[in-house]
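Single-letter residue listing:
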Amino acid sequence: MTASSPKKIGVLLATFVVANNMIGSGFFLLPASLAGQGGVTALSWLVGTVIAVILGGAFARLARDYPDLNCPDDYVRPALGRDMGFLATSLYWASSWIGNNAIAVAAFGYLVTLLPLDGGDTTIRITGQVALIWLMFAVNLLGPRQVAKFQSLCVVFGLLPVAVVLVGGWGHFDAGLYREAWNVTGRSDTAVVISNLAPIFWAFVGLETGAMVAGIVDDPDRNVPRATLGGILLAGVVYLMSSVLVMGIVPAAELAASSAPFALVAGSIFGPWAIPVIAAAAALKATGTLGGWMLVSGESGARAAQRGYLPGLFGRLLPNGSAGWGLLIVASAMTAIAFLTLAPTVAGQFETIIGMVVLLVVMAYVAAGLSLLVGTPERPSGLKEKLLGLGALLACGLLFYASGWTTTAGALAVALLAWILFRIFDQNKK
């Protein structure tokens, strides 16, 4: 085996990329919103993990079949044609950079608790979010390998204090408090579990990033599947443990009103001194996630440009492998989205953005499932591929159902408009 390229990352760093791209804003903000539903949402996390594993298995298989996989077009076009390749690639790319704004919202939401600033002031909030966006743009200019190292540091130092809370907190866990707030909605447990699958799945968006950046991973045939499934299982265990723990330490109503739920839990366990420590860790972790997703946005945009789906400027790479010019446009667009989605509260802005993003990326997952199900003359689908493809489609169908018809209709309208424009302006019809 040849030595690793300085522009390539190994299985450990790739696993960190996948895990870090999932364990971010959803992990640190969702406990507050889910507390308003009750402890039954732990079952939503469990179902969400199963869905993520099924989808991860599909992507892992695609990465083995297409070892040079760099973007959805690599596996979609051979099976489904150029039009579907465009839709999967463009919608995935759009979801990656739009979703970055939600991560910036979460990161600054925790960071502001450490500063002598008014987190309720929208001017301060938008300034902080935009500053984080451009800071992570600067980090990405250093190249993919440096971004992966930065993410690894953020995972370790960002999650270490949270891990202390997750381990040490069980001595303060009150089973009676948890049972008391099991379901505070007045609806059936099944209805609550299903209705929360879409927002919870936001925390798993990123499961595909090992496959999407396969071009910068050493020995992708072996390492991408390992990184994908390993990252999903790591994230799923952390999510489930934390969901149960926090609702057994702080009353649901108090937790639901918090903008920094993990900091609140840490304060209840260790005292007031722990609040800024956890807030700093959460801000660091979310910032690392933002940097990782900006890497994915740059990589997916570059691959789309190389296939004629985006202007050529997005495909220009710096000598260190960074998609610098494309990221400049992405960072500018993210700045605009930050202003357009600004809301009176952090939670309001966060929910608006993730509602836009989840179904866009799920449509790219649908293309993955269809690709495995249909196969190609060169790679006909066997029983394993058909089962993985069918499983992915069923998982996506459940997420569409959980999102509600209005949100689903909006996402489909965006996809239809993008396809119409593509058919009008495509200069490379084949």
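This text gives an overview of the structure that appears in the document. Each chain carries its own residue numbering, running from 1 in the written order of its sequence. In keeping with the model being predicted, local features are shown solely for residues with a pLDDT of at least 70 and side-chain atom pairs are shown and tallied solely at 80 or more, while totals for entire chains, interfaces and linings include all residues. As a rule here, side-chain values come from all non-hydrogen atoms in the structure, and water together with hydrogens is ignored.

1. Some details on the overall build of the protein chain
Here a helix means four or more residues in a row that DSSP labels H or I, a strand means two or more in a row labelled E, and each is numbered from the N terminus. For the protein chain, the helix and strand inventory stands at 19 helices and zero strands. Only C-alpha atoms enter the radius of gyration; for comparison, a globular chain is expected to reach 2.2 Å times N to the power 0.38, where N is the number of residues. What you see for the protein chain is a C-alpha radius of gyration of 21 Å, in line with the 22 Å of a compact globule of 430 residues. By principal-axis analysis of the C-alpha atoms, the protein chain measures approximately 60 × 45 × 45 Å. Considering the protein chain as a whole, with its 430 residues, one finds that 58% of them fall into the buried category. Only protein chains enter the accessibility calculation, which uses a 1.4 Å probe; a residue is then buried when its area is under 20% of its type maximum, exposed when over 50%, and partly exposed in between.

2. Some remarks on the pattern of salt bridges
What makes a salt bridge here is a side-chain nitrogen of Lys or Arg within 4 Å of a carboxyl oxygen of Asp or Glu, nothing more. The full count for this structure, using the stated rule, is five salt bridges. The partner of Arg77 in a salt bridge is Asp73, with the nearest N and O atoms 3.2 Å apart. Taken as a pair, Arg77 and Asp73 lie in helix α4 (residues 73-80) at a separation of four residues, close to a single helical turn. Its relative accessible area of 4% is what places Asp73 among the buried residues.

3. Side note on α4
Among the residues making up α4, those that are buried are Asp73, Asp74, Tyr75, Val76 and Ala79. At the C-terminal side of α4, Gly81 shows a positive phi close to 100 degrees.

4. Remarks on the packing of helix α5 (residues 82-111) against helix α6 (residues 122-140)
The axes are straight lines fitted to the C-alpha atoms, using for helices just the contacting stretch, and the angles between their N-to-C directions are given from 0 to 180°. Two elements in contact, α5 and α6, have axes whose closest approach is 9 Å; the angle formed by their N-to-C orientations is 115 degrees. Every pair of crossing elements has a handedness; the one defined by α5 and α6 is right-handed. Residues Asn101, Ala104, Val105, Ala107 and Phe108 of α5 form the contact with α6, whose own contacting residues are Ile124, Arg125, Gly128, Gln129, Leu132 and Ile133. When residue character is reported, Ala, Val, Leu, Ile, Met, Phe, Trp, Tyr, Cys and Pro are called nonpolar, Asp, Glu, Lys and Arg charged, and the others, Gly included, polar. Its residues assigned to classes, the contact of α5 with α6 shows seven nonpolar, three polar and one charged. A crossing counts as left-handed when the near helix is turned anticlockwise from the far one by less than a right angle, and as right-handed when that turn is clockwise. The criterion used for residue contact is that any of the two residues' heavy atoms lie within 4.5 Å.

5. Side note on the nonpolar core
Residues belong to one nonpolar core when they are buried, are Ala, Val, Leu, Ile, Met, Phe, Trp, Tyr or Cys, and are joined through side-chain atoms within 4.5 Å. With 131 residues, the main nonpolar core has Phe201, Leu207 and Tyr365 as its most contacted residues. Ranked by residues supplied to this core, first place goes to α5 with 17 residues. The contacts of Phe201, once residues within four sequence positions are left out, are Ile51, Ala52, Leu55, Leu207, Val362, Tyr365 and Leu399.

6. A closer look at the layout of surface pockets
A pocket here means an open set of points on a 1 Å grid, computed over the protein atoms alone, that has protein on both sides within 12 Å along at least five of seven lines. A cavity is instead a set of points where a 1.4 Å probe fits but cannot get out; residues with an atom within 4 Å of a point line either one. Grid points are joined across faces, edges and corners, and a volume is the space filled by probe spheres set on the points. Taken as a whole, the second largest pocket encloses approximately 270 Å³ of empty space. Lining the second largest pocket we find 13 residues, and of these Phe86, Ser90, Trp93, Leu310 and Ala418 sit closest to its centre. Of all elements in the fold, only α5 and α19 (405-425) reach the threshold of two or more residues within the lining of the second largest pocket. Here the lining of the second largest pocket is composed, by residue class, of eleven nonpolar, two polar and no charged.

7. Considerations on the packing of α5 against helix α15 (residues 274-306)
Where α5 meets α15, the closest approach of the two axes is 8 Å, and the angle between their N-to-C directions is 165 degrees. With respect to α15, the element α5 is oriented roughly antiparallel. The hand of the α5/α15 crossing is left-handed. Grouping the amino acids of the contact of α5 with α15 by side-chain chemistry returns 17 nonpolar, eight polar and no charged. Here the word oblique covers every angle except those under 35 degrees (roughly parallel), over 145 (roughly antiparallel) and from 65 to 115 (roughly perpendicular).

8. Overview of helix α7 (residues 144-168)
Spanning 25 residues, α7 covers 35 Å between terminal C-alpha atoms, matching the ideal 36 Å at 1.5 Å per step. Working definition for bend: take the seven residues up to and ending at a residue and the seven starting at it, fit an axis to each, and measure the angle between the axes. Its maximal kink placed at Leu160, α7 deviates by approximately 40 degrees, while the proline Pro161 follows within four residues. Given the number of residues in a helix, its expected span is that number minus one, multiplied by 1.5 Å.

9. Some words on the packing of aromatic side chains
Pairing of aromatic rings covers Phe, Tyr and Trp, the last counted by its six-membered ring, and requires centre-to-centre distances within 6.5 Å; plane angles under 30 degrees mean stacked, over 60 mean edge-to-face, and any other angle means tilted. Applying the stated criterion to the full structure yields 17 aromatic pairs. Between the aromatic rings of Trp93 and Trp97, the centroid separation amounts to 5.8 Å while the plane-to-plane angle is 65 degrees, which identifies the pairing as edge-to-face. Highlighted residues: Trp93 and Trp97, both in helix α5, separated by four residues, approximately one helical turn. Trp97 carries the same exposure label as Trp93, and that label is buried. With a centroid separation of 5.3 Å and 75 degrees between ring planes, the pair formed by Trp134 and Phe137 is classed as edge-to-face.

10. Observations regarding the side chain of Ser242
Note on placement: Ser242 falls in helix α12 (residues 220-247). For Ser242, a relative accessible area of 3% puts it in the buried group. Filtering out sequence-adjacent residues up to four positions away, Ser242 remains in contact with Phe27, Leu166 and Phe262.

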